[in-house]
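Summary of the model geometry
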Amino acid sequence: MKKIISLSLVLVLIFSLTACSKKAPVNQNIELTIWEQMPNDSGQNFDEIAAKFMEANPNITVTRTHYETEQLRTNFQSAALAGEGPDLVYGPSDNVGIFTASTLIQPITNVVSEDFLKKFAPNALSDGKVDGEYWELPDVVGNQIAMLYNKDMIKEAPKTWNDLVKVASKYQDPANGKYGFLYNEKEPFWFVAWFGAYGGQVFDEKRNPMLDSDAMVKALQFTSDIRSKYKLGEVDMNYDMADAMFKDGNAAIILNGAWSWSSYKDAGINLGIAPLPTVPGGTNGMPFSSTKGYMISKFMPEEKKEALNKFFEFFLSSENDAKIALQKAEAPTNLKARELDSVKNDELQKSSLATIDYTTPMPIIPEMRAIWDAIRPELEAVISGDTTPKDAAKEMQKKAIDGINTIKGE
Amino acid sequence: MSTLIGKFKTKRKPSSQLINKSTPYLYMMPAMIIMLGMVLYPFMYGVWLSFTNMSLTKFFNPDFIGLRNYIRLFQDGVIFSTFNRTIIWTFVNVFFHVSIGLFLAILLNRKLPGKSILRVLLIIPWAVPQYISALTWKSMFNYSYGAINIALKTLGFTPINWLSDPTMTFVGAIITNIWLGVPFMMMIALGGLQSIDASLYEAAEIDGASNFQKFKNITLPLLKPVMTPAIILGTVWTFNQINVIILIAGGFGNEKTQILVTEVYRLAFNFYRYGYAAAYSVVIFLMLLVFSLFYVRKTGIMKEVD
């Protein structure tokens with residue numbers, strides 16, 4: 001019996017020791033932990049800024065941990081459920097809707113002043129606004145898809161779809177692996193650009209899905225026409241293949257997002273960037289745009305507030321915001337950063353600002369998940385000819401409603 | 001075990017009997033505590049979760065809702081078609097894992113030129129990280145540039161739209177998973193084959209047994225104790241295989257390619273229906289439990305252990 005008692009005592013001791021180690025005194029040295037979803041090169045940029053920041057503030061340490069988009073969300077959720085996790089989460093704004101619904105984050109105005117917020121582009125800030133509060137401090141806005149063309153093949157960016165067909169058809173020769181126009185047609189994030197071009201909106205004001213609409217039928221028809229009627233594109237085209245084709249100079253025009261533009265310049269492509277063309281019977285392709293930024297965990301300890309304030313002041317200063325924004329051709333949110341010569345004279349930034357007007361802000365409410373999941377299978381079915389655009393639109397709407405009810409727990 | 005403790009008993013005084021009896025348990029205690037913490041606690045937590053309505057809006061304060069998740073699950077109806085697909089998925093996969101694995105093991109157990117090279121080649125699918133293999137297969141399924149369609153075209157067949165047609169995507173996932181699962185069964189079977197005494201075959205040969213008779217009456221029965229646990233394991237693994245389907249189908253979008261576990265994952269991490277997803281997992285657990293109990297009883301594999 002004694003053995004059991006002593007053994008359990010030892011165990012209790014071990015557990016309490018490990019428990020203690022988590023609550024180290026924080027008065028002297030404050031550690032700001034951040035979980036982020038940054039591409040590799042942006043991460044290095046962040047580290048450079050962090051190094052300068054820690055030099056200026058020797059009592060603050062910034063630790064970042066990298067996750068992929070989905071892992072960031074799920075890991076933060078499970079950590080927060082146990083009352084743990086990082087102080088800050090950095091990532092795309094669509095997480096804001098999910099994190100506010102499950103009350104995992106706190107408004108940024110708990111840490112920064114209203115005055116500080118005036119430095120930022122109001123439409124970027126409003127991307128992270130839910131129920132009248134700001135939940136995300138954005139550092140870049142963009143993420144929009146644009147038309148990328150190889151200037152060695154296409155002299156001037158086509159403005160309309162018919163113009164595009166004219167110039168692109170010359171290069172379309174799939175048998176020899178050459179293409180005039182390519183994009184990953186099965187990906188809903190690309191598809192919503194056509195939906196928007198026909199005036200479609202995914203939600204009405206009451207957050208009800210609006211997928212069974214005339215705009216949806218037209219957009220689906222157009223998507224299907226790209227290959228069948230206009231003889232452009234390719235069966236089963238995916239992101240990586242379109243990307244590789246363009247980099248190798250085997251595709252004249254592709255559609256890809258702001259995050260990718262610099263990689264084509266690096267690949268030596270004579271790159272032209274333009275808004276998506278106007279579609280037959282519609283307007284310009286209207287892809288989604290969104291912000292990326294910082295969210296503050298509900299469980300961030302009070303004593304870190306001051307340090308966090310300093311962190312924001314430093315990382316979102318015009319200079320540092322510009323540095324982050326220049327990396328990925330996304331527009332800085334700090335208004336003064338947009339005035340800097342480095343930003344003003346940057347080719348990609350110019351393209352970014354030229355195309356951002358032809359975008360719709362992506363809804364950040366959690367219901368969006370159900371929209372994506374509803375679009376994909378029906379879009380695929382229309383492309384492969386298994387269903388008609390009309391039936392697909394009906395089915396999408398049904399699936400979206402089901403999905404939203406599932407999310408709401410009804 | 002009882003004889004061991006019995007020996008201890010006779011050597012010690014009766015007063016220390018309690019300690020004697022608890023000694024084996026004391027030795028096992030560290031492992032038991034870890035098992036309790038790592039297996040039993042999360043399991044019980046999952047069961048508890050299945051009786052609550054934990055979801056996005058009820059993240060920190062879920063309510064206890066009794067059996068409502070389970071009732072909804074069977075009212076929903078999707079579970080039945082998904083269940084059928086899961087059965088097809090599991091059966092086809094395990095069938096080919098075992099038959100191909102056994103076939104290759106028998107080949108490798110014979111005198112073959114270049115056997116060691118062959119063995120390495122056959123184990124490669126197992127050594128390569130699963131998602132790399134799955135993504136490689138996915139590119140091979142590509143319509144215009146995939147190796148499979150190019151081969152089909154060269155042989156004069158019409159290329160198949162693997163990744164756009166949900167049924168074919170599912171077939172593609174099965175092919176990929178068969179390729180991934182064969183090495184495990186082959187290794188197990190090979191181990192079993194090597195432990196069979198060669199004299200049995202010699203005796204059978206003297207009695208004039210044919211090759212098939214030898215296989216049926218010597219190889220199969222003697223492999224049974226090795227293969228049964230492997231088949232149970234393989235079935236549970238395949239039933240719960242989430243990566244291959246998601247990687248080949250490119251996500252959870254199309255419900256015609258989903259099996260039960262991917263559905264659970266979708267409910268929990270796409271739709272944040274933690275309670276409902278937990279109920280789903282409990283049902284899956286019960287299915288696998290019944291299967292394992294039935295299979296164990298039918299094959300009598302655990303008899304010696306009892």
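Just so it is clear, the model here is predicted, and its values are computed rather than measured. (Residues numbered from 1 in each chain as written. Chains lettered and ligands numbered in written order. Predicted model: local features only at pLDDT ≥ 70, side-chain atom pairs only at ≥ 80, totals over all residues. Heavy atoms only, no water.)

With that settled, consider the overall build of chain B. Helix and strand counts for chain B come out as 13 helices and zero strands. At 25 Å, chain B has a C-alpha radius of gyration far larger than the 19 Å of a compact globule built from 306 residues. Dimensions of chain B, computed from C-alpha atoms along their principal axes, come out at roughly 80 × 70 × 30 Å. Across the 306 residues in chain B, those meeting the buried criterion constitute 39%. A separation of at least 24 residues holds for 63% of the contacts in chain B among residues at least 6 apart in sequence. Across chain B, the centroid of the 25 positively charged side chains sits 8 Å from that of the 11 negatively charged ones. (Helix = DSSP H or I, 4+ residues; strand = E, 2+ residues; numbered from the N terminus. Rg over C-alpha atoms; globule rule 2.2 N^0.38 Å. Buried < 20%, exposed > 50% of the residue type's maximum accessible area, 1.4 Å probe, protein only. Contact = heavy atoms within 4.5 Å. Lys, Arg positive; Asp, Glu negative; His and termini not counted. Charge placed at Lys NZ, Arg CZ, Asp CG, Glu CD.)

Turning to the sheet that holds strand 10 (residues 251-257) of chain A, a few remarks are in order. For sheets, the rule is that strands pair by backbone hydrogen bonds, running either parallel or antiparallel. Residue and element names in this part refer to chain A. Strand order in the open sheet formed by four strands is 9-10-8-11, with mixed pairing between adjacent strands. Since the sheet does not close on itself, it has two edges, and those belong to strand 9 (179-182) and strand 11 (271-274), each with one partner. Across the sheet, the mean angle from the axis of one strand to that of its neighbour is 25 degrees, orientation sign disregarded. Sheet topology places strand 9 next to strand 10; three bridges connect them, and they run parallel. From the neighbouring strand, Tyr179 faces strand 10, where its bridge partner is Ala251. Strand contacts of helix 7 (residues 161-169): strand 8 (145-150), strand 9 and strand 10, with the helix running at about 145 degrees to strand 9, the strand carrying the most contacts. Helix-sheet contacts for helix 10 (residues 239-247) involve strand 8, strand 9, strand 10 and strand 11, and the interaxial angle to strand 10 is about 130 degrees. (Pairing = 2+ DSSP bridges. Axes fitted to C-alpha atoms, helices over the stretch in contact; angles between N-to-C directions.)

Applying the stated rule across the entire model yields 49 aromatic pairs over all chains. Measuring from centroid to centroid gives 5.9 Å for B:Trp126 and B:Phe184, while their planes differ by 65 degrees, and the two rings are edge-to-face. A residue pair is termed long-range when its members are at least 10 positions apart, and B:Trp126 in helix 5 (residues 115-127) and B:Phe184 in helix 8 (residues 166-194) qualify at 58 residues. For B:Trp126, a relative accessible area of 45% puts it in the partly exposed group. Clustering of aromatic rings is evident, with ring pairs tying together A:Phe46, A:Phe53, A:Tyr90, A:Tyr294, A:Phe311, A:Phe312, A:Phe314 and A:Phe315. (Phe/Tyr/Trp six-rings, centres within 6.5 Å; stacked < 30°, edge-to-face > 60°.)

Here the idea is simple: oppositely charged side chains can pair when their charged atoms come close. For the structure on display, the rule yields 20 salt bridges over all chains. Among the ionic pairs, A:Glu367 bridges to A:Arg207, the shortest N-O distance being 3.3 Å. Residue A:Glu367 is found in the loop between strand 14 (360-361) and helix 17 (368-383), and its partner A:Arg207 is found in the loop between helix 8 (188-197) and helix 9 (214-228); the two are separated by 160 residues along the sequence. Among the residues examined, A:Glu367 registers a relative accessible area of 5% and is labelled buried. The closest approach of N and O atoms between B:Asp63 and B:Lys58, which form a salt bridge, is 3.3 Å. In this structure B:Asp63 comes out as partly exposed when scored by relative accessible area, which is 35%. (Salt bridge = Lys/Arg side-chain N within 4 Å of Asp/Glu carboxyl O.)

So, on to the UniProt feature "transmembrane region" (unreviewed entry) in chain B. Residues and elements named next belong to chain B. The UniProt record annotates "transmembrane region" (unreviewed entry) at residues 25-48, 87-108, 120-137, 143-163, 170-193, 230-253 and 274-296. Measuring from the first to the last C-alpha atom of residues 25-48 gives 29 Å, for a span that is 100% helix and 0% strand. Taken as a whole, residues 87-108 contains 100% helix and 0% strand, while its terminal C-alpha atoms sit 31 Å from one another. (UniProt positions renumbered as here; feature names shortened; annotations may be inferred.)

All names here are of chain A. Positive phi values are uncommon outside glycine, yet Asp131 reaches one of about 50 degrees. Its identity as a non-glycine residue notwithstanding, Lys231 has a phi of 55 degrees, on the positive side. Within the secondary structure layout, Lys231 lies in the loop between helix 9 and helix 10.

For the rest of this paragraph, the subject is the nonpolar core. Ranked by size, the top nonpolar core spans 131 residues in total, and within it A:Trp161, A:Phe181, A:Phe191, A:Trp194, A:Leu211, A:Ile253 and A:Leu255 carry the most contacts. Counting residues per element, this core draws most heavily on helix 8 of chain B, at 13 residues. Residue contacts for A:Phe181: discarding those within four places in its chain leaves A:Trp161, A:Leu164, A:Ala168, A:Gln172, A:Ile226, A:Leu232, A:Gly233, A:Ile253 and A:Leu255. Core analysis: the second largest hydrophobic core is formed by 32 residues, A:Leu117, A:Met300, A:Ala307 and A:Phe312 among them. (Core = buried A, V, L, I, M, F, W, Y, C linked by side-chain atoms within 4.5 Å.)

What follows deals with the packing of helix 2 (residues 40-56) of chain A against helix 12 (residues 305-315) of chain A. Residue and element names in this part refer to chain A. Where helix 2 contacts helix 12, the two axes come as close as 11 Å, and the packing angle between them is 125 degrees. Regarding the angle of helix 2 to helix 12, the classification is oblique. Helix-helix and strand crossings are classified by hand; for helix 2 and helix 12 the assignment is right-handed. Note on element contacts: helix 12 touches helix 2 through Ala307, Lys310, Phe311, Phe314 and Phe315, opposite Phe46, Ile49, Ala50, Lys52 and Phe53. In the contact of helix 2 with helix 12, the residues fall into eight nonpolar, no polar and two charged. (Parallel < 35°, antiparallel > 145°, perpendicular 65-115°, else oblique. Left-handed = near helix turned anticlockwise from the far one by under 90°. Nonpolar A, V, L, I, M, F, W, Y, C, P; charged D, E, K, R; others polar.)

All names here are of chain A. In terms of residue burial, strand 3 (residues 88-92) counts as a mostly covered element, since five of its five residues are buried. Here three bridges tie strand 1 (residues 30-36) to strand 3, and the two strands are oriented parallel to one another. Across the sheet, Glu36 pairs through a bridge with Tyr90, a residue of strand 3. Here strand 3 runs beside strand 12 (residues 288-297); their pairing, made up of five bridges, is antiparallel.

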